[in-house]
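Report on the structure
This is what each chain is made of:
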Amino acid sequence: MGDLYLGKVKKLIPGLNAAFVDVGFEKDAFLHYTDLSPYIRSILKFTNQAISDKSGAFDFGKFKNEPEIIKTGKITEVLGGKPNILVQILKEPISSKGPRLSCEISLPGRFIVITPFNNIVAVSKKIHSSEERKRLQKIVEAIKPPNFGVIVRTAAEGKKTAELHEDLTTLVNTWHTIQENLRSGQAPQKILSEQTKTTSILRDLLNESFNRIVINDKNIYTDTKTYIQKIAPEKQDIVTYYHNGAPIFDHFGVTRQVKASFGKTVNLDSGVYLIIEATEALHVIDVNSGYKSSSNNQEQNALASNLEAAAEIARQLRLRDLGGIIIIDFIDMKLPENKKNVYEAMEKFMAPDRAKHTILPISKFGLMQITRQRVKPEITISVAEDCPTCKGTGKIGASMLIVEDIEKNLQYLLNHQHKGLTIRVHPILYAYLTKGWLRSRQWKWYFAYKKWIKLRADSNYHLTEYHFFDDNDEEIKF
């Protein structure tokens, strides 16, 4: 999402008032008339001029825009010749559908967004102070180059002219890069990629609440450190490099939370639980009270359970990035004011969600309908695992022999002069081998072989899995 492509119009569908465009994906991308942008004629002209610019002398500041198209026009009138066209990914491929495209090109920065081919300046409505909005408007109008519209983001509140100017200069240079990449371009071709996932997250979300960023990849660590030095120098010290040996997600408890959060059933502390089912057309969430009974009043129990469920449902929608139509079957409530309370609570819990969404009040059947913007496939993580030991047969070797197998392999390696051995095992097996201190298996090996054998627990291993590693931390294959 956000990547720019030079595409080739392949097929016009007058009935849908849309076109299919080849941008290099397996399925052609979909471009509807309403996503063409009023400045589509200018975009087509710019695309052709940039492609045919052999000398690199094309000056976008002197580019003359074409007249805008009307909102009720026909796709055949605009893209009749099946031209090459500069497009931006609006939605990634989902299920059997190809990408959805837009010609309303925008390049987001930390404080502003630029929109080529117009001269409009707009300020985020989330900046409530009218004086601050006017100040930002005047600054941007004074520094923006011709042929670029600018949208001032909420993050720009209180920022100085120099910071806004630096952000604007970076984005204008990005547009010049796009122009350069179009020279002698051949459709389909990627013209510009969105920033990496790490930097785009930081660009959009970094604020005062961030107090630590932990990274286990040296390249990403270096890139992130450089990026934060650029956009928020005062926060560069919160970036730390993780090299603790154990997997980073295990160390910080993320693996356990993922396993717990992505199942079909979501359990809440009070006993309330959710059942989340997905179909081709929509997602269905069922709320069950479980053993929750805070009072003898059934209506109050239902309200309390539904309010607790609403908070978790809003979180799950963001966590799983569920989109499209979502139907929620709340526990039945009789009183209209209680239904209204749940509806208002859901609106409050959904307010921080950055995806566009619409919430309808609870219907007479006790159902709430939500539509949520879907721009990429939702996250699906299977938390049910096939047994890696028995491979689905239901039978494994005798677990009481596992230690004998380890000792047999250990003796073989020591006889062949291997040094600095480490054995990685499942945490339960680790606890068994280290239990009893001086009477543990680990100490018995030390007394028997006069060598200390290191043991490491790894929660990614299955119960009877073990591997030997040498002093370079490389696995020893048998």
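Residues numbered from 1 in each chain as written. Predicted model: local features only at pLDDT ≥ 70, side-chain atom pairs only at ≥ 80, totals over all residues. Heavy atoms only, no water.

1. Concerning the overall build of the protein
Secondary structure summary: the protein contains 13 helices and 22 strands in total. Against the globule reference of 23 Å for 478 residues, the protein gives a C-alpha radius of gyration of 29 Å, more extended than a compact globule. The buried share of the protein, taken over its 478 residues, is 40%. The long-range share in the protein, meaning contacts at least 24 apart out of those at least 6 apart in sequence, stands at 67%. Accessible area for the protein stands at about 27,400 Å²; split by element, carbon and sulfur atoms hold 52% of it. (Helix = DSSP H or I, 4+ residues; strand = E, 2+ residues; numbered from the N terminus. Rg over C-alpha atoms; globule rule 2.2 N^0.38 Å. Buried < 20%, exposed > 50% of the residue type's maximum accessible area, 1.4 Å probe, protein only. Contact = heavy atoms within 4.5 Å. Areas by Shrake-Rupley, 256 points an atom, 1.4 Å probe, with all protein chains shown as cover.)

2. Describing the sheet that holds strand E15 (residues 282–288)
One open sheet accounts for six strands, arranged E13-E14-E15-E16-E18-E17; its pairing is mixed. The open sheet has two edge strands with one neighbour each: strand E13 (265–267) and strand E17 (357–359). On average, each strand axis in the sheet is tilted by 20 degrees relative to the strand beside it, whichever way the strands run. Pairing analysis gives three bridges linking E17 to strand E18 (residues 367–372), with the strands arranged antiparallel. Within the sheet, the bridge partner assigned to His357 lies in E18 and is Arg372. (Pairing = 2+ DSSP bridges. Axes fitted to C-alpha atoms, helices over the stretch in contact; angles between N-to-C directions.)

3. What about the packing of aromatic side chains?
Under the criterion given, the structure shown has 21 aromatic pairs. A centroid spacing of 5.9 Å and a plane angle of 70 degrees characterise the contact between Phe63 and Phe117, whose relative ring orientation is edge-to-face. Note that Phe63 is positioned in the loop between helix H1 (40–52) and helix H2 (75–78) and Phe117 in the loop between strand E7 (112–116) and strand E8 (121–123), a separation of 54 residues in sequence. Here Phe63 matches Phe117 in class, with each residue buried. Here the aromatic rings of Phe148 and Trp175 are separated by 6.4 Å at their centres, their planes lie at 90 degrees, and the arrangement is edge-to-face. (Phe/Tyr/Trp six-rings, centres within 6.5 Å; stacked < 30°, edge-to-face > 60°.)

4. Points about the nonpolar core
The biggest cluster of nonpolar side chains holds 57 residues, and the ones touching the most others in it are Leu36, Phe46, Leu79, Ile85, Leu86 and Trp175. Per-element tally for this core: the top contributor is helix H4 (residues 161–182), with seven residues. Beyond its immediate stretch of four places on either side in the chain, Phe46 contacts Phe58, Phe60, Phe63, Leu86, Phe117, Trp175, Gln179 and Leu182. (Core = buried A, V, L, I, M, F, W, Y, C linked by side-chain atoms within 4.5 Å.)

5. Some words on a nonpolar patch on the surface
A contiguous nonpolar patch, built from Trp437, Leu438, Tyr446, Phe447 and Trp452 and spanning about 550 Å² of accessible area, is present on the exposed surface. Here Trp437 falls in the exposed class, since its relative accessible area comes to 60%. (Patch = residues over 30% accessible without salt bridge, like charges linked within 9 Å, V, L, I, M, F, W, Y side chains within 5 Å. Salt bridge = Lys/Arg side-chain N within 4 Å of Asp/Glu carboxyl O.)

6. Concerning the confidence of the model for the protein
The pLDDT averaged across the protein works out to 86; a share of 94% of its residues lies at or above 70. Helix H8 (residues 254–261) is the least confidently modelled element of the protein, averaging 77 in pLDDT, while helix H10 (residues 336–350) averages 95, the highest of any element. (pLDDT = per-residue confidence, 0-100.)

7. Re helix H13 (residues 441–449)
Taken together, the buried positions of H13 are occupied by Gln442, Trp443 and Trp445. Angularly, the buried residues of H13 cover 155 degrees about the axis, an arc narrow enough to put them on a single face. Taken together, the buried residues of H13 touch helix H11 (402–415), strand E19 (422–425), helix H12 (427–434) and strand E20 (454–457). (Arc of directions from axis to C-beta.)

8. A word on the sheet that holds strand E9 (residues 148–152)
Here we have four strands laid out as an open sheet, ordered E6-E7-E9-E8, and mixed in their pairing. In this open sheet, the two strands that pair with only one neighbour each are strand E6 (107–108) and E8. Sheet topology note: the E6/E7 ladder contains two bridges and is antiparallel. The residue bridging Leu107 from the neighbouring strand is Ile114, located in E7.

9. Things to note about H10
The terminal C-alpha atoms of H10, which comprises 15 residues, lie 21 Å apart, in line with the 21 Å expected from a rise of 1.5 Å per residue. When H10 is considered as a whole, its buried residues turn out to be Asn338, Val342, Tyr343, Ala345, Met346 and Met350. For H10, the buried positions fall inside an angular range of 160 degrees around the axis, keeping them on one side. Exposed side of H10, more than 90 degrees from the buried face: Pro336, Lys340 and Lys348 are the residues found there. On its buried side, H10 packs onto helix H9 (298–320), strand E16 (324–329), E17 and E18. (Expected span 1.5 Å × (residues − 1).)

10. Observations concerning a negative patch on the surface
A cluster of acidic residues, Glu163, Glu166, Glu208 and Glu234, forms a negative patch on the protein surface. For Glu208, the position within the fold is in the loop between helix H5 (197–205) and strand E11 (213–215). (Lys, Arg positive; Asp, Glu negative; His and termini not counted. Charge placed at Lys NZ, Arg CZ, Asp CG, Glu CD.)

11. Topic: a positive patch on the surface
A cluster of basic residues, Lys8, Lys10, Lys11 and Lys82, forms a positive patch on the protein surface. Topologically, Lys10 is positioned in strand E1 (residues 4–13). Using a relative accessible area of 43% as the deciding quantity, one classes Lys10 as partly exposed.

12. Concerning the packing of H11 against H13
Look at H11 against H13: their axes get within 13 Å of each other, and the N-to-C directions meet at 30 degrees. In this view, H11 runs roughly parallel relative to H13, as classed from their interaxial angle. The two elements H11 and H13 cross, and the hand of that crossing is right-handed. From H11, Val403, Ile406, Glu407, Leu410, Gln411 and Leu414 reach across to H13, where they touch Arg441, Trp445 and Tyr449. (Parallel < 35°, antiparallel > 145°, perpendicular 65-115°, else oblique. Left-handed = near helix turned anticlockwise from the far one by under 90°.)

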